[in-house]
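As a plain string of letters, each chain reads:
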Amino acid sequence: MTKENLVHYRYLFWACMRGHIFVVDHILYNFGISPFLAEKEEEKSPFMLAIENNQEKIVKLILIKEFRYGPN
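Now for a look at the structure at hand.

Conventions used here
Residues numbered from 1 in each chain as written. Predicted model: local features only at pLDDT ≥ 70, side-chain atom pairs only at ≥ 80, totals over all residues. Heavy atoms only, no water. Salt bridge = Lys/Arg side-chain N within 4 Å of Asp/Glu carboxyl O. Buried < 20%, exposed > 50% of the residue type's maximum accessible area, 1.4 Å probe, protein only. Helix = DSSP H or I, 4+ residues; strand = E, 2+ residues; numbered from the N terminus. Axes fitted to C-alpha atoms, helices over the stretch in contact; angles between N-to-C directions. Parallel < 35°, antiparallel > 145°, perpendicular 65-115°, else oblique. Left-handed = near helix turned anticlockwise from the far one by under 90°. Contact = heavy atoms within 4.5 Å. Nonpolar A, V, L, I, M, F, W, Y, C, P; charged D, E, K, R; others polar.

Here's the deal with the pattern of salt bridges
Inference 1: The tally for this structure, following the rule as stated, stands at two salt bridges.
Inference 2: A salt bridge links Lys44 to Glu52, with the nearest nitrogen and oxygen atoms 3.1 Å apart.
Inference 3: Judged by its relative accessible area of 32%, Lys44 is partly exposed.
Inference 4: Residue Glu56 is joined to Lys60 by a salt bridge in which the shortest nitrogen-to-oxygen separation is 3.0 Å. With a gap of four residues between them, Glu56 and Lys60 both fall in helix α4 (residues 56-64), about one helical turn apart.

What follows is the structure in structure tokens.
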């Protein structure tokens, strides 16, 4: 994963945990970062954090999204 993609991944991680749906949508649409990718340190994906923190809107957004993953 490039340094730039890692920054976007961290924002996605934070936004999923906090429930910031517009940030999540922006990152998924514009940068193609996978919400299912688990970081080594945390061992949880942004998607799992959204589930654990009861972010229902984020979970629904991720589940209905068609992804176009770029090379990370």
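Some remarks on the packing of helix α2 (residues 21-31) against α4
Inference 1: Running from amino to carboxyl end, α2 crosses α4 at an angle of 20 degrees, the nearest separation of the two axes being 10 Å. Taken together, the axes of α2 and α4 lie roughly parallel to each other. In the crossing of α2 with α4, the sense of the turn from one axis to the other is right-handed. Together, Ile21, Val24, Asp25 and Leu28 of α2 and Lys57, Ile58, Leu61 and Ile62 of α4 make up the contact between the two elements.
Inference 2: Looking at the contact of α2 with α4 residue by residue, the classes come out as six nonpolar, no polar and two charged.

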